[in-house]
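The lines below spell out each chain.
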2 protein chains.
Amino acid sequence: ALFLTASAYAQSDPLPSWNDTGPKQAIVSFVERVSKQGSTDFVLEPERIAVFDNDGTLWVEHPMYTQLAFALDRVKTLAPQHPEWKSVQPFKAVLDGDMKTLAASGEKGLLELIMVTHAGMTTEDFQKVVTDWLSTARDPRFKRPYTELVYQPMVELLSYLRANGFKTYIVSGGGVEFMRPWTEKVYGVPPEQVIGSSIKTEFKMQDDMPTLRRLPEVNFIDDKAGKPVGINQEIGRRPIAAFGNSDGDLEMLQWTTMAGAPARLGMLVHHTDAEREYAYDRKTDFGRLDKALDAAAITGWTVVDMKNDWKQIFKN
Amino acid sequence: ALFLTASAYAQSDPLPSWNDTGPKQAIVSFVERVSKQGSTDFVLEPERIAVFDNDGTLWVEHPMYTQLAFALDRVKTLAPQHPEWKSVQPFKAVLDGDMKTLAASGEKGLLELIMVTHAGMTTEDFQKVVTDWLSTARDPRFKRPYTELVYQPMVELLSYLRANGFKTYIVSGGGVEFMRPWTEKVYGVPPEQVIGSSIKTEFKMQDDMPTLRRLPEVNFIDDKAGKPVGINQEIGRRPIAAFGNSDGDLEMLQWTTMAGAPARLGMLVHHTDAEREYAYDRKTDFGRLDKALDAAAITGWTVVDMKNDWKQIFKN
Ligand SMILES: [Ca+2]
Ligand SMILES: [Ca+2]
């Protein structure tokens, strides 16, 4: 009887880290409408596709994207094999911890950093590098592994959707092979449901063993208008729910929600909690939320106010 | 009791269209080894990924690829809007039914045909064009819809693998958006498990509606060394079983099977049955099987002799 009661309680509150405010009500109402047979908004299970941005939607993206922290650490690790970096930008700036000069190197400088730290090895070797880094790296403010700085309310939301027949996908501007080694364990999202930016890879037989080598060349940028393109390329169905936090998610939310019947859910996580996490929107280098926030008011997307709508940010 | 018996019988013969020869035994033995808990070759369900080529492996590819037949028909349908095609190659050759001149136009001519017939519309419009065509087009020899010319033994194999916890994928040189409208119904393979060649698409807001428009530009060729690249890009796990029929599948079979433990299965469908279907291998324009046939002997891939190993080719 105790078990039954606990189970009934869990069923009645699938989102315990959410306050009982608008966003939680919008989520539960949407899920019930699309998953209850006989409902006018009923959607067959295979069509219940939900897409989630990652940085700033599922895990922390300040003071910088985690993948950028990885790239900077990687430059430091590789520096002894590259003595020339001491005098060549943007590497010098990284080694000197000079973020201002690094920022001034712009997109070109960042791309150079990414290529040097993300290419030139096999896909299997890169996976090991990422896994090893995540096991030791710590966030500077919270002093915790980055994979613990995922938003508990969003992890509950992912589970709740899956429990109601949804297939949950990550659709991120981040590198797909930077995410895949850990998304299954941390979010319950398997590698084949992770869509992201990528560099080109090349297949070769090497010493009679097949290998995929990562090349220093951009393949696909899964951001802004690239997100619906990536969704169509890899899923081939239009999602019915989309979750993001920045202007990079605008087109994904448009593609998902502006499609007539059945019911659709678009949601933006608004970072409003400087105390427990961060507060930022229209003026930040990482996760700017400006045009999409204006669009939300017009299109009826739900905006999550982290401070008021979330009981808890991270898992204790 | 009758029900139990029938069910037990079905369980004992999951592949009724296969003769009890080497390939069937290899399949059953492989599936039992990887799916029985306690087996030394046991593989956890999420890692049970099987990849299938489409043309010539799951459905007929002679006298020409079905997608090429579609493109030729499409040129004829669009011709009234393009009077200039009467005097411009390769369109003139298509309208005249002059296959020799068409072949002489080479890859460049074919690409031009593909772009004119596959691009310049939204993804949704293209899906409708494909679906409409398949509902009326008939194979010239068998006088049946192309989607009925799928190999019954392979359809049983797909089901058998799924019943044993496998996720089945199509990995084809054919166009991904040419396949997705019908693979779920015909093979039980949903759109998100279809990987193929693609042209670029562009996201745009048009009259306040989000659209994805198909552009006349190649995005990805999912053939030969492109197959392992596509598998890594979209699945992010290495398959444990691969099924193909031509040299275009060589690298996919290498990538799948030459990876040490756990047990792996590589299989080639050899077209040996001119009477019930077609007989071809080293010398054909569609589905040449040459290097991969030599490789099979060395690597231990199973070769299916259609004539001797399949009781039945198509569904009656
Ligand atoms: Ca984001
Ligand atoms: Ca083939």
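Residues numbered from 1 in each chain as written. Chains lettered and ligands numbered in written order. Predicted model: local features only at pLDDT ≥ 70, side-chain atom pairs only at ≥ 80, totals over all residues. Heavy atoms only, no water.

### Here we look at the domain arrangement of chain A
Frequently, the measure chosen for interface size is the accessible area that the parts lose on association. All names here are of chain A. Domains assigned within chain A are domain 1 (15-61 + 147-309) and domain 2 (66-136). With 20 residues of domain 1 at the interface, the matching set in domain 2 holds 18 residues. Overall, the association of domain 1 and domain 2 removes approximately 1,600 Å² of surface from exposure, summing both partners, and the carbon and sulfur fraction of that is 69%. Our count for the domain 1 to domain 2 interface comes out at 0 salt bridges. Taken together, domain 1 and domain 2 are joined by 6 residue pairs in polar contact (both at pLDDT 80 or more). (Domains from an automatic or database assignment. Contact = heavy atoms within 4.5 Å. Buried area = accessible area lost by both parts, 1.4 Å probe. Salt bridge = Lys/Arg side-chain N within 4 Å of Asp/Glu carboxyl O. Polar contact = N/O pair within 3.5 Å; in protein donor to acceptor, adjacent residues only side chain to side chain.)

### Focus on the interface of chain A and chain B
On the side of chain B, 36 residues touch chain A, which itself brings 36 residues to the contact. Across the interface of chain A and chain B, roughly 3,100 Å² is buried in total on both sides, 49% from carbon and sulfur atoms. On the surface where chain A and chain B come into contact, there are 8 salt bridges. In this assembly, chain A and chain B are joined by 19 residue pairs in polar contact (both at pLDDT 80 or more). Those elements giving two or more residues to the side of chain A that touches chain B turn out to be α7 (123-136), β2 (167-175), α9 (176-187), β3 (194-206), β4 (209-220), α10 (226-234) and α11 (250-257) of chain A. Here the residues of the side of chain A that touches chain B sort into 15 nonpolar, 10 polar and 11 charged. (Helix = DSSP H or I, 4+ residues; strand = E, 2+ residues; numbered from the N terminus. Nonpolar A, V, L, I, M, F, W, Y, C, P; charged D, E, K, R; others polar.)

### Some words on unusual backbone geometry
Glycine aside, the phi torsion of most residues is negative, and most peptide linkages are trans. A:H62 connects to A:P63 through a cis peptide bond whose omega is 5 degrees. Along the chain, B:Q89 connects to B:P90 via a cis peptide bond; the corresponding omega equals 0 degrees. For B:P90, the position within the fold is in the loop between α3 (66-78) and α4 (91-96).

### A short note on the relation of the copies chain A and chain B
The transformation that overlays chain A on chain B combines an axial shift of 0.0 Å with a rotation of 180 degrees, and the residual RMSD is 0.0 Å. The transformation just described matches what one would write down for a two-fold rotation axis. The C-alpha atom lying nearest the rotation axis in chain A is that of A:E234; the distance is 3.2 Å. Residue by residue, 100% of the interface of chain A is reproduced at the interface of chain B, so both copies engage with the same surface. (Least-squares fit on C-alpha atoms with pLDDT ≥ 70 in both.)

### Details of the coordination of the calcium ion (ligand 2)
All names here are of chain B. Around the calcium ion (ligand 2), the donor atoms from the protein are D53 (OD), D55 (O) and N245 (OD1), and they sit 2.2 to 2.3 Å away. Ordering the donors of the calcium ion (ligand 2) by residue number gives the pattern D-x1-D-x189-N. Here D55, found in the loop between β1 (49-52) and α3, pairs with N245, found in the loop between β5 (241-244) and α11 (250-257); they are 190 residues apart in sequence, far enough to count as distant. The residues D55 and N245 share a single accessibility class, namely buried. (Donors = N, O, S within 2.8 Å, 3.2 Å for Na, K, Ca; no water. Buried < 20%, exposed > 50% of the residue type's maximum accessible area, 1.4 Å probe, protein only.)

### Describing the coordination of the calcium ion (ligand 1)
The expected angle between donors at a tetrahedral four-coordinate metal is 109.5 degrees. At an octahedral six-coordinate metal it is 90 or 180 degrees. Residue and element names in this part refer to chain A. The calcium ion (ligand 1) binds to the protein through D53 (OD), D55 (O) and N245 (OD1), with metal-donor distances spanning 2.2 to 2.3 Å. Each donor residue of the calcium ion (ligand 1) lies on the same chain, and together they follow the pattern D-x1-D-x189-N. In this pair, D53 is assigned in the loop between β1 (49-52) and α3 (66-78) and N245 in the loop between β5 (241-244) and α11, connecting sequence segments 192 residues apart. The buried category is assigned to D53, whose relative accessible area is 6%.

### Here we look at the pattern of salt bridges
Taken as a whole, this structure holds 34 salt bridges over all chains when the rule is applied. Among the salt bridges present, the one from B:R276 reaches B:D273, with a minimum N-O distance of 2.6 Å. Taking the relative accessible area as the measure of exposure, B:R276 reaches 26% and is therefore partly exposed. The exposure class assigned to B:D273 is buried, which follows from its relative accessible area of 3%. In this structure, a network of salt bridges that share partners links the residues A:E47, A:K167, A:R237, B:E184 and B:E192.

### Re the packing of helix α7 (residues 123-136) of chain B against helix α9 (residues 176-187) of chain B
Residues and elements named next belong to chain B. Packing of α7 against α9 brings their axes to within 9 Å, and their N-to-C directions diverge by 65 degrees. The chirality of how α7 crosses α9 is right-handed. Note on element contacts: α9 touches α7 through E177, F178, P181 and W182, opposite T123, F126, Q127, V130, T131, W133 and L134. Looking at the contact of α7 with α9 residue by residue, the class counts come to 7 nonpolar, 3 polar and 1 charged. (Axes fitted to C-alpha atoms, helices over the stretch in contact; angles between N-to-C directions. Left-handed = near helix turned anticlockwise from the far one by under 90°.)

### With respect to the pairing of β4(A)
Residues and elements named next belong to chain A. Two strands pair when backbone bridges link them, and β3 and β4 are joined in this way by 8 bridges, in the antiparallel orientation. If you follow E202 over to β4, its bridge partner there is R213. The antiparallel pairing of β3 with β4 creates a hairpin that spans 2 residues between the two strands, and D207 there sits at a positive phi of about 50 degrees. (Pairing = 2+ DSSP bridges.)

### Looking at α9(A)
Burial within α9(A) is extensive, with 9 of its 12 residues counted as buried. For α9(A), every residue scored as buried is listed here: A:V176, A:E177, A:F178, A:M179, A:R180, A:W182, A:T183, A:V186 and A:Y187.

### Details of a nonpolar patch on the surface
On the surface, a nonpolar cluster with roughly 240 Å² of combined accessible area is contributed by A:L111, A:V218 and A:I221. On the accessibility criterion, A:L111 (42% relative accessible area) is partly exposed. (Patch = residues over 30% accessible without salt bridge, like charges linked within 9 Å, V, L, I, M, F, W, Y side chains within 5 Å. Areas by Shrake-Rupley, 256 points an atom, 1.4 Å probe, with all protein chains shown as cover.)

### A closer look at the packing of aromatic side chains
Geometrically, a pair of aromatic rings is defined through the distance of the ring centres and the angle of the planes. In the structure shown here, the tally under the stated rule is 32 aromatic pairs over all chains. Between the aromatic rings of A:W133 and A:F178, the centroid separation amounts to 6.4 Å while the plane-to-plane angle is 45 degrees, which identifies the pairing as tilted. With A:W133 in helix α7 and A:F178 in helix α9, the pair connects residues that are 45 residues apart, well separated along the chain. For A:W133, a relative accessible area of 10% translates into the label buried. Residue classification places A:F178 among the buried positions, given a relative accessible area of 2%. Ring centres of B:Y65 and B:F286 lie 4.9 Å apart, and the angle between their planes is 85 degrees; on these two criteria the pair is classed as edge-to-face. With B:Y65 in the loop between β1 and α3 and B:F286 in the loop between β7 (279-280) and α12 (291-299), the pair connects residues that are 221 residues apart, well separated along the chain. Here the aromatic residues A:W18, A:F142, A:Y151, A:Y278, A:W310 and A:F314 are joined through ring pairs into a cluster of three or more. (Phe/Tyr/Trp six-rings, centres within 6.5 Å; stacked < 30°, edge-to-face > 60°.)

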